[in-house]
Each structure stands twice: as structure tokens, then as C-alpha cells.
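Residue-level structural notes
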Amino acid sequence: MILALTLLALAQVAPVTTRVGVDRAWVGQRVDVNVEIRAPGTFSGASSLDLPEIPGVILVPMGRPVVSSETVDGESIFVQSHPLALFSQRDGEIEVPPFTVRFAHLKGFTGDPIERVEEAPAVSVTIVRPAAASGDGFLVSTSSLQIEQSWDPTPSSEMPAGTVLTRRIVQRADDVSAIALAAPPTSAPESVRVYDGSGAETDDAVDRGSLVGTRTDVLRYLLGEAGSVELPAIQYRWWDVEAEELRSSTLEGLTVDVVANGPDEATEGGGPSPSRSPWPWAALLVAALAVVFRGSIARAAQAVWNAIDPPEKRARRALLRACDRSDAHAAERALQAWPDARGGELAHATLDLERSLYGAAPSTPWNGAGLARAIRAMPRQRRHAARHRRLDLPPLNGTAERSDAREAGV
């Protein structure tokens, strides 16, 4: 009898309701959406909400559900409230369509769980783009936005080619989820390659309804050819919802003179390694000719030196030395100068190097032993492949016929 009265009371209320905290909000501003589930008994297990995907809109859960109770016609009804937050980059009337809600509850406080599948009703909210930001694309609306950056290594006015500069950008905003904050642009001069790592790190701190979103982006700039390069400043524009003003925060860029490396890598002590380079006197001769003569004679001298000690061999020696020192940055520079850096076991070894340089921070430093083994094994692998190619060649025309004739005694 008690259960029948409870079910009758529940029939007078919707099992799932959806409420929006405001009727109107700014583009990029947090809009509270609350989904309430009602049942005539205590909830069992975790409820699930199949949140819809809405173009230009982010809908995310905000903290854990809250359980309470209410009285309907003298009967207690259990209520489970799921707080959500909506962030829209589209203006106009935004509708959250109906979506499926799954939950289970008991008959009062005892018995086996009863599984339910219900539908949360649609709701809508009006989103307005500020007139001052009418020409902007992505917009964050908040009462406070803090942005800071750091560089590693510490930049200097001159840096060698092949240096990788890491730019770490941290954004913190009130009442904005981290995934609703803007990503930094990856623009750079043509001589600079930009890597944005494996995606942003996001963190939402929720405390009794208050929200602080933190987004961390890491950009890596690989400095290429020599010359002056300007890494761009980054400007973030955001709407101050309290002052109703468009504000901006700018992260300063960086100007660096990229200095070319020498024709050969330096040793750890900073000087050349004559013991591994053939004919040191030839290097001195070429250097003297380059100083005394100019133009075509100097170019001819360089050609002679390249014939004596080809650039690809110098690059291979530099690469092996970098591997022996497990110097990942020097190894990458040498790989770019070495035309044979491709294929086979070498591809896996270079992939390990790239992960160390541009992936998530490795737990252990890069070890160049594997790449060095792959490099030293390449001549043997090529000789083996060449022997197989010779064995696979068909006999020359006439060879088979002459052999048959000899066997027949002709």
C-alpha cells in the first residue's frame, strides 16, 4: 500500500527535469544546467547521462551529483541533481536537445534495484556576442583571466641552429572550464618548425559550485637556418563579464639571432676532433685558401675538401658522436644533415629520438646506443641486400642454351 502511494506521488512529477540557470548569457560564458532525477526510493549505483554533442557548444559535468529529497502529497521522493556547465561559441538561440538518462533505484530502502531509462527534456538559452567583439572568433567570457609564459632554455640574443626553445603557456580563468579556454596559435617564421606536443593539459578545480579552469600549452620551436628570427607575440582577447569590457592580454614574443653551426660538430670540450677526421693537413690547407683567396677559388677549395671528406661522412661521424654522448639535440641536428637518415631499423631508432624531444616528458633521458647500432649496421645490411639482388638476377641470354649444348656434347 505504501509503495502504491509512493508510485502515485511520483506519477505527478517528471522522473527527469532539466533547468537552465539563466535565460541569457555571453558567448564563452558559463551557463549552469542542472539535470534532476527523481525516484520513489534510494538510488542504487551510478547514474549515466548521454550528453549530446552540439556544434560550437561544450557541455561538461561540474562535480559530483547531489542527493536530496522532497515531499509530494506527503510522500518522500529522492532527488539526484547533476550539475552541468554549458559554454557556447555560437550566438543566438542555443538548444540542448533531449538526451537519455539511465539510473537505478530501490523500492523505498530495500529490495532489488529497478533499472530505469528516461529522457531529459530539451532546454534553451539565448547567447549574445558583445558588440565590441563582433569581429573576433574564439572568445572567453570571465571575470578574471590570468596568462603567463616561460621559456626553456633561457633565451639569449644568439643561439645555435638546431636549438629547441620550449614555450610554456598557462591560462587560469574563473567560472570557465579549462577545455573552454583558447589554444595558442602555432605560427612562426619559415625557418622555424613548431611542435605543439601531445595536446594541452587541462584541470578544473570545482569547490561548492565555484570553478577555476587551468589550461597549460607547450610549444616547441626548432631553430633552423642562420639569421634573425622573430618568434611571435601571442594576444588573448577576452570579455570581462563584470565590467562588460573587452580586454586583452599579450605574451611577448622573442627575437633571436640564429648562429650557424660549423662544418663539423664540436666535441664536448668545445674543439674539433682531429683524431677522427682524415688528413688534418688538408683541413688546414682548405682553411688557408679560403682566407687568402675569394670567390671561385674558395669555392673550388671547398669542393676539394668535400671530395676528400664528403659532407655525408662528416654528418655520419657527428651523428655517431652525438649518440655516444646521448645528446638528443645534437643527434637531431646531425640527422638533418645526413642524407642516409632513413629506412629499416634506423626508422624505429629515430622515432625514439623524436619522442624524446617532442613527446611528453620522458621518465629517463634518451639513450643513443640503439641509434648508433642501427647506423653502424647499415653498411652490412646494404651488402646483404646487394648479394640477394645478385642471386635473384636471371641468367644472361644464351647462358642456359650454351650449358645445355655442353651437356649434349655438341
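Structural notes, computed from the coordinates. Quick caveat, the model's predicted, so the values are computed rather than measured.

Core analysis: the biggest nonpolar cluster contains 31 residues, and L165, L223 and V256 have the highest contact counts within it. For this core, the secondary-structure elements that each account for two or more residues are strand 7 (75–88), strand 13 (145–152), strand 15 (164–174), strand 18 (210–223), strand 19 (227–231), strand 20 (234–240) and strand 22 (254–259). Per-element tally for this core: the top contributor is strand 18, with 4 residues. Membership of the second largest hydrophobic core comes to 29 residues, among which are A39, L84, L86 and A133.

Sheet topology places strand 9 (residues 99–107) next to strand 10 (residues 110–120); 8 bridges connect them, and they run antiparallel. The residue bridging V101 from the neighbouring strand is E118, located in strand 10. Linking strand 9 back to strand 10 in an antiparallel pair, the connection comprises 2 residues, with G108 at a positive phi of about 80 degrees.

This part takes up the sheet that holds strand 22. Taken together, the 3 strands give an open sheet; going across it, the order is 14-22-19, and neighbouring strands pair in mixed fashion. Only two strands of the sheet have a single partner each, and these edge strands are strand 14 (158–160) and strand 19. Across the sheet, the mean angle separating the axes of adjacent strands is 40 degrees when strand polarity is ignored. Two elements, strand 14 and strand 22, share 3 bridges in a ladder whose sense is parallel. Paired with M159 across the strands is V258, a residue of strand 22.

One can find N34 in strand 3 (residues 31–39). Judged by relative accessible area, N34 falls into the buried class, the value being 15%. Within the structure, the side chain of N34 is placed 3.4 Å from the side chain of E36, a separation counted as a polar contact. Contact partners of N34, with chain neighbours within four places excluded, come to T17, T18, R19, S81, H82 and P83.

Quick look at unusual backbone geometry now. Cis geometry marks the peptide bond from D152 to P153, where omega comes out at -5 degrees. In this fold, P153 is placed in the loop between strand 13 and strand 14. Backbone geometry places E244, a non-glycine residue, at a positive phi of 55 degrees. Tracing the backbone shows E244 in the loop between strand 20 and strand 21 (245–251).

Another point: the pattern of salt bridges. Taken as a whole, this structure holds 13 salt bridges when the rule is applied. D32 is the salt-bridge partner of R30, the closest N and O atoms lying 2.8 Å from each other. Taking relative accessible area as the criterion, R30 reaches 15% and is therefore assigned buried. One salt bridge in this structure joins R215 and D217, with 2.8 Å as the shortest N-O distance. By relative accessible area, D217 is classed as buried at 7%. Linked by salt bridges that have partners in common, R19, E36, R38 and E70 make up one network.

By convention here, two paired aromatic rings are described through the distance between centres and the angle between planes. Applying the stated rule across the entire model yields 4 aromatic pairs. In this structure, R24 is placed above the aromatic ring of W26, and the distance from its NZ or CZ to the ring centre is 5.2 Å.

Moving on, we get to the sheet that holds strand 10. Across the sheet, which stays open at both edges, the 3 strands sit in the order 4-9-10 with antiparallel pairing between neighbours. Strands at the two margins of the open sheet, each flanked by one partner only, are strand 4 (48–49) and strand 10.

Moving on: the packing of helix 4 (residues 311–325) against helix 5 (residues 328–337). At their nearest, the axes of helix 4 and helix 5 sit 8 Å apart, and the two run at 160 degrees to each other. Classed by the angle they form, the pair helix 4 and helix 5 counts as roughly antiparallel. The hand of the helix 4/helix 5 crossing is left-handed. Of the residues in helix 5, those in contact with A315, A318, L319, A322 and R325 of helix 4 are A330, A331, A334, L335 and A337.

Criteria and thresholds
- Residue numbers here run from 1 along each chain, matching the order of that chain's written sequence.
- Under the rules for a predicted model, residues below a pLDDT of 70 receive no local features and side-chain atom pairs below 80 are neither given nor counted, while totals for whole chains, interfaces and linings still include all residues.
- Derived side-chain values reflect all non-hydrogen atoms in the structure, with water molecules and hydrogen atoms excluded from consideration.
- The nonpolar core is taken to be a set of buried Ala, Val, Leu, Ile, Met, Phe, Trp, Tyr and Cys residues, with the residues joined through side-chain atoms within 4.5 Å.
- Whether a residue is buried, partly exposed or exposed follows from its accessible area with a 1.4 Å probe, protein chains only, as a fraction of its type maximum: under 20%, in between, or over 50%, in that order.
- Each helix corresponds to a stretch of at least 4 residues labelled H or I by DSSP, and each strand to a stretch of at least 2 residues labelled E; elements are numbered beginning at the N terminus.
- Here, strands pair whenever DSSP counts at least two bridges between them.
- Every angle, taken between N-to-C directions, lies between 0 and 180 degrees, and every axis is a line fitted to C-alpha atoms, over only the stretch in contact when it is a helix.
- Pairing of N or O atoms within 3.5 Å defines a polar contact, subject to two protein rules: one partner must be a possible hydrogen donor and the other a possible acceptor, and residues neighboring in sequence count only if both atoms are side-chain atoms.
- The criterion used for residue contact is that any of the two residues' heavy atoms lie within 4.5 Å.
- By definition, a salt bridge exists where a carboxyl oxygen of Asp or Glu is found within 4 Å of a side-chain nitrogen of Lys or Arg.
- Think of it this way: a Phe, Tyr or Trp ring, Trp meaning its six-membered ring, pairs with another when their centres are within 6.5 Å, and the plane angle makes it stacked under 30 degrees, edge-to-face over 60, tilted otherwise.
- The rule for a charge over a ring is simple: NZ of Lys or CZ of Arg within 6 Å of the ring centre, and within 35 degrees of the ring normal.
- Put simply, angles under 35 degrees are roughly parallel, angles over 145 are roughly antiparallel, angles from 65 to 115 are roughly perpendicular, and the rest are oblique.
- For any pair of crossing helices, the crossing counts as left-handed if the nearer helix is rotated counterclockwise from the farther one by less than a right angle, and right-handed if it is rotated clockwise.

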